[in-house]
Amino acid sequence: MQHKLLLGSTALVSAGILLAGASPAKADIEVVLGGYTEFGVKAATEDTNVDGEDDRHYNFFMDNEVFINASGVTEGGIEYGSEIELEAGSGDGNVDNAFVDEVTLFFSGAFGRFEFGREDGAEDVMGIGGEDAQAGTGGIDGDTTNLEPIFEVPDTGDDAKVSYFTPRIAGFQLGASFTPDDNDGLTDEGVGNEQENIVGAGANWVGALGPLDLTVAGTGIKGENEEGGGDDLEAWEAGALLGFGGFAAGAKYGQLLDLNEGQFLNAGLEYRFAAAGASVGYTRFDPDDGEENNVFFVSGDVGLMPGVTLKGDVSYATDDPAADDNEFDPLGGREDTDDTIAGVLTVQLDY
């Protein structure tokens, strides 16, 4: 799931305040340890391979993350610190690995927020859409196997970057990120196709529309193809999220203008009650060259005990890119894709 960065400061001041009250000798750093462990099962119809084997259409998987957050505050009110996210044994099948997923150094105050390191960029954290109104494992951006890969602006994942976010003034906030290389050796969900000098940007507004909580946002990204002869990266999106009581509804629309040209949209509706939630969702990607894909989602979750949640999603794709209908063109590879149904059920412990 995406995280949304919403700074609450209401005034801009000189960046020189970054040094005010700084006293390394008197640093009082608070370290917080947390994380979660998730175990689940994925399954899909016979048209989809969930594990690379033709004779089985289900598998188990793990998602284990540990968070280490260290932060302090100067006498001048500047918050600073680092955030580290570790993956341990995550993935499908027999996975024996541990690695650093995200690591960031940050400085935050009335001047805004600076981030340096491996963290999601402005094009990702400032976006709003149907994926923000989903229950279960995330529905639109959850863990079923036939998800449409394009439901939002492509992002640079956890590639090394520099980001800046303004304080929130009258509900408005701006952000921008610069990533030199989208394949720098530690990337989560990067944009691919060997892009460089990538700029991501976003703007959002958080406020109220009568009794409704409202967030609107627009984001975009632009990169250059490293080889010079391939497609550059260029995309934009606009979305909104409404909240009322236990209900949340979100939607977005966007375009890929160069790399993987096409249009995408999504929508989600979620209702939360007590320790449970339920949602429906929809995504559509209509490439300029190729078949459109529609995916429908039903998701839910319920708290079983303190810190323990049971989550599940079911999705139906009308033209699953991963599906193989066993019809091949000898010159062009797979001739067609097929519709699929997929499901996921997990239990997660947060600590």
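Right, let's walk through the structure included here. (Residues numbered from 1 in each chain as written. Predicted model: local features only at pLDDT ≥ 70, side-chain atom pairs only at ≥ 80, totals over all residues. Heavy atoms only, no water.)

Turning to the nonpolar core, a few remarks are in order. Ile150, Val153, Ile198, Ile221, Leu233, Ala235, Leu256, Leu259, Phe264 and Phe285 together form the largest nonpolar core, which totals ten residues. Counting six residues, the second-largest nonpolar core is a separate cluster that includes Ile140, Val295, Phe297 and Ala317. (Core = buried A, V, L, I, M, F, W, Y, C linked by side-chain atoms within 4.5 Å. Buried < 20%, exposed > 50% of the residue type's maximum accessible area, 1.4 Å probe, protein only.)

To continue, consider the environment of Pro167. Checked against the element boundaries, Pro167 lands in the loop between β7 (160-165) and β8 (172-181). Sequence spacing of Pro167 and Phe111 is 56 residues, and the spatial spacing of their C-alpha atoms is 6.4 Å. (Helix = DSSP H or I, 4+ residues; strand = E, 2+ residues; numbered from the N terminus.)

What follows is about unusual backbone geometry. With phi around 55 degrees, Ala170 is a residue other than glycine that occupies positive phi space. Look at Ala274: it is not a glycine, yet its phi comes out positive at around 50 degrees. Topologically, Ala274 is positioned in the loop between β13 (262-273) and β14 (276-287).

Turning our eyes to something else, we now look at the packing of aromatic side chains. The description of an aromatic ring pair uses the distance of the two centres, along with the angle that the planes make with each other. A complete count under the given rule lists twelve aromatic pairs for this structure. Measuring from ring centre to ring centre gives 6.3 Å for Phe114 and Phe116, while their planes differ by 5 degrees; the resulting arrangement is stacked. Overall, Phe114 belongs to the partly exposed group, its relative accessible area being 26%. For Phe116, a relative accessible area of 34% gives the class partly exposed. (Phe/Tyr/Trp six-rings, centres within 6.5 Å; stacked < 30°, edge-to-face > 60°.)

Right, let's talk about the environment of Gly142 for a bit. By the secondary structure assignment, Gly142 is in the loop between α1 (122-125) and β7. Taking the relative accessible area as the measure of exposure, Gly142 reaches 12% and is therefore buried. Separated by eleven residues in sequence, Gly142 and Glu131 place their C-alpha atoms 8.9 Å apart. Residues within four places of Gly142 in sequence aside, it is in contact with Thr137, Leu147 and Asp313. (Contact = heavy atoms within 4.5 Å.)

Before going further, it helps to examine a negative patch on the surface. Taken together, the side chains of Asp231, Glu261, Asp288 and Asp289 define an acidic patch exposed on the protein surface. Within the secondary structure, Asp231 sits in the loop between β10 (212-225) and β11 (233-244). For Asp231, a relative accessible area of 40% puts it in the partly exposed group. (Patch = residues over 30% accessible without salt bridge, like charges linked within 9 Å, V, L, I, M, F, W, Y side chains within 5 Å. Areas by Shrake-Rupley, 256 points an atom, 1.4 Å probe, with all protein chains shown as cover. Salt bridge = Lys/Arg side-chain N within 4 Å of Asp/Glu carboxyl O. Lys, Arg positive; Asp, Glu negative; His and termini not counted. Charge placed at Lys NZ, Arg CZ, Asp CG, Glu CD.)

With that settled, the discussion passes to a nonpolar patch on the surface. Together, Phe247, Leu269, Tyr271, Phe273, Val280, Phe296, Val298, Val314, Tyr316 and Ile341 make up a nonpolar patch on the protein surface, roughly 890 Å² of accessible area in all. Going through the elements one at a time, β13, β15 (293-305) and β16 (308-320) are the ones with two or more residues in the nonpolar patch. When residues in the nonpolar patch are grouped by element, the largest group, three residues, is from β13. Along the chain, Phe247 falls in strand β12 (residues 247-256). The exposure class assigned to Phe247 is partly exposed, which follows from its relative accessible area of 44%.

Right, let's talk about the pattern of salt bridges for a bit. Applying the stated criterion across every chain, the model contains ten salt bridges. For Arg113, the salt bridge identified is with Glu83, shortest N-O distance 3.6 Å. In this pair, Arg113 sits in strand β6 (residues 112-118) while Glu83 sits in strand β3 (residues 79-88), placing the two residues 30 residues apart along the sequence. Exposure remark for Glu83: the relative accessible area of 26% places this residue in the partly exposed category. Of the charged contacts in the structure, one is a salt bridge between Glu131 and Lys252, with a shortest N-O distance of 2.8 Å. Of this pair, Glu131 sits in the loop between α1 and β7 while Lys252 sits in strand β12, placing them 121 residues apart in sequence. Using a relative accessible area of 1% as the deciding quantity, one classes Glu131 as buried. When salt bridges that share partners are traced, they join Glu83, Arg113 and Glu115 into one network.

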